[in-house]
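Below are the chains, spelled out letter by letter.
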Amino acid sequence: MLFRYSARCFLGGLALLLLPAMALAEKKSPPQSWIDPDTGHRVIRVTDEPGSASLYFNINAYTPDGKQMIYTTADRGIGVIDLATFTAKPLVKGPVGGGPGAVVVGHKTPTVYYFKGLKGDAQYASLWSANIQTGEQKKIADLPRRAGIFSINADETLGVGSYIIGDGEDYNGRQAGQVAQQHTPDEPLDKKTKMARRLAARLPMVVFTVDLHTGQIKPVFASTDWIDHLQFSPTDPTLLMYAHQGEWQQVEKLWTIRTDGSQNKHINPRIMKMEGSGHQWWDHNGKNIWYDLHIPLGMISFVASYNVENGDRTWFHYAPEESSIHFTRSVDGTLFAGDGSDAPGAKWLYLFHPELIKDDHSLGEHLIQPGRFRAEKLVNMSKHNYHLEPNVNFTPDGKYVIFRSNMLGPTYVFAVEVHK
């Protein structure tokens, strides 16, 4: 009797010990890949680390040979993904950066540029670089107070950034020096209110360049407008695009300027009340600037381009249910993609096949070339919380669209195959 009682106690105790392990085993780990049942396209979870994320849609994340991609890790460091095997490894320990553009890969060498706060004084940051092949890291320059670097030019001789003079509150509630503090890829819940407050503040700010070899800082121009989204041309090392930030219909959005401050040009003058544009990016060949255009807001929408060489314009129309936070174009220019949105029926990742509308001897000069998108759904994003922007972009070989998503709970980096 004693033996049987002891055996029962032992087995019961063993079962209690095994229960947590059994429950853990029953909990499903996130799937590595699957075929989306609604689209037929294969989706791959590229990163294993919860909290990892791909870069902002218009920031270059790829090495010049197109074989590797940079992403941000959960500790706000930098990792590298081999695009042939989709294996990831750490490169720079966090925290680095402080927002979109804080990490960018050069167009000439396999180098990632980033900034990080100085210990003991969060109002200042320094610019660094890391060799993606060797892992070697080096400091380039100390930056002005409240400054960050957001883009690197085509020949990797200059970085461009901006800083706010004084202690005024920046967008997203950032105070002076928060460049080194916590940043997530999520948008603020009260984005519209905070953007309006930042625009109205008219904070004095300076756009500047930093020499990547000497660390010399030079101002390009000063403004009390809210200047943001600084992007160098991927092919012309002296040409810079920037944006006036704020509610789209309330600002003169898109501009280009030379690094010496000359040829400051507004490239998309408004032609209609309540017209708005934004979320711009450079073509890979450096000839066109693309952007999301609404005439007026909430009614008729286009993905539009402006050719910086001759001023030609092309507008591709898309339907309301294909509304996307960001759009992007493949390297070869044959396809576009969109990351969907909270608009009715738009919770999808889209592949867009552009079609130009044939002209029949239209009378006029310098007319816009019209076109339309033929949409194909890539990924069902109904389980994605769009407080996080997916930020789609094509891999250099055009085989995959990269995006970040919280569809499985935590944020991961994903790839979806372009062809079924």
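Residues numbered from 1 in each chain as written. Predicted model: local features only at pLDDT ≥ 70, side-chain atom pairs only at ≥ 80, totals over all residues. Heavy atoms only, no water.

### Things to note about the nonpolar core
Move 1: Ranked by internal contacts, the top residues of the largest apolar core, which has 44 residues, are Met69, Ile81, Phe86, Ile149, Val303 and Phe336.
Move 2: Excluding its chain neighbours within four sequence positions, the residues that come into contact with isoleucine 81 are Val46, Thr47, Lys67, Gln68, Met69, Tyr71, Phe86, Thr87, Ala88 and Val413.
Move 3: One finds Leu335, Leu351, Met407 and Phe414 within the second-largest nonpolar core, a separate group that totals 19 residues. (Core = buried A, V, L, I, M, F, W, Y, C linked by side-chain atoms within 4.5 Å. Buried < 20%, exposed > 50% of the residue type's maximum accessible area, 1.4 Å probe, protein only. Contact = heavy atoms within 4.5 Å.)

### Let's talk about the sheet that holds strand β15 (residues 239–244)
Sheet strands line up and pair through hydrogen bonds in the backbone, either parallel or antiparallel.
Move 1: Strands sit in the order β14-β15-β16-β17 across an open sheet of four strands; the sheet is antiparallel. In this open sheet, the two edge strands, each paired with only one partner strand, are β14 (227–232) and β17 (265–266).
Move 2: Bridge count between strand β16 (residues 254–258) and β17: two bridges; the pairing is antiparallel. Directly across from tryptophan 255, in β17, lies its bridge partner histidine 266. (Pairing = 2+ DSSP bridges. Helix = DSSP H or I, 4+ residues; strand = E, 2+ residues; numbered from the N terminus.)

### Some remarks on the packing of aromatic side chains
Move 1: Using the criterion set out here, one finds 21 aromatic pairs in the structure.
Move 2: Both rings, one in tyrosine 350 and one in phenylalanine 352, keep their centres 5.6 Å apart while their planes meet at 20°; by these two values the pair is stacked.
Move 3: For tyrosine 350, a relative accessible area of 2% gives the class buried.
Move 4: Relative accessible area serves as the criterion here: at 0%, phenylalanine 352 is assigned to the buried category.
Move 5: In this structure an aromatic cluster arises from ring pairing among Tyr56, Phe57, Trp281, Trp290, Phe316, Tyr318, Phe327, Phe336, Tyr350, Phe352 and Phe373.
Move 6: The ring of tyrosine 412 is capped by arginine 45, whose NZ or CZ atom sits 5.2 Å from the centre of that ring. (Phe/Tyr/Trp six-rings, centres within 6.5 Å; stacked < 30°, edge-to-face > 60°. Lys NZ or Arg CZ within 6 Å of the ring centre and 35° of its normal.)

### Quick look at the side chain of serine 277
Move 1: Along the polypeptide, serine 277 turns up in strand β18 (residues 276–282).
Move 2: A relative accessible area of 5% places serine 277 in the buried class.
Move 3: Polar side-chain contacts of serine 277 include one of 2.6 Å to the side chain of asparagine 268. (Polar contact = N/O pair within 3.5 Å; in protein donor to acceptor, adjacent residues only side chain to side chain.)

### Examining unusual backbone geometry
Move 1: That bond from glycine 94 to proline 95 is cis: its omega, 5°, falls within 30 degrees of zero.
Move 2: For phenylalanine 86, which is not glycine, the phi dihedral falls at a positive 55°.
Move 3: By secondary structure assignment, the location of phenylalanine 86 is in the loop between β4 (78–82) and β5 (87–92).
Move 4: Positive phi, normally seen in glycine, also occurs at glutamate 156, with a value near 55°.
Move 5: Mapped onto the secondary structure, glutamate 156 falls in the loop between β10 (147–152) and β11 (158–164).

### What to know about the side chain of serine 54
Move 1: As for its position among the elements, serine 54 is in the loop between β2 (42–45) and β3 (68–72).
Move 2: Residue classification places serine 54 among the buried residues on the basis of a relative accessible area of 2%.

### Description of the environment of phenylalanine 86
Move 1: The exposure class of phenylalanine 86 is buried, given its relative accessible area of 13%.
Move 2: For the pair formed by phenylalanine 86 and glutamine 68, sequence separation is 18 residues and the distance between their alpha carbons is 9.2 Å.
Move 3: With sequence-adjacent residues up to four places away left out, phenylalanine 86 is seen in contact with Ile44, Val46, Ile81, Tyr400 and Ala415.

### Notes on the pattern of salt bridges
Side chains bearing opposite charge may pair, as long as their charged atoms lie close to each other.
Move 1: According to the stated counting rule, one finds twelve salt bridges in the structure shown.
Move 2: As a salt-bridge pair, aspartate 142 and lysine 139 come within 2.8 Å of each other at their nearest N and O atoms.
Move 3: Exposure remark for aspartate 142: the relative accessible area of 45% places this residue in the partly exposed category.
Move 4: Where arginine 329 meets aspartate 283, a salt bridge forms, and the shortest distance between an N and an O atom there is 2.5 Å. Residue arginine 329 is located in strand β22 (residues 327–329), and its partner aspartate 283 is located in the loop between β18 and β19 (288–294); the two are separated by 46 residues in the primary sequence. Taken individually, arginine 329 and aspartate 283 each receive the classification buried, so the pair is uniform in this respect.
Move 5: Via salt bridges that share partners, Glu355, Arg372 and Arg374 belong to a single interconnected network. (Salt bridge = Lys/Arg side-chain N within 4 Å of Asp/Glu carboxyl O.)

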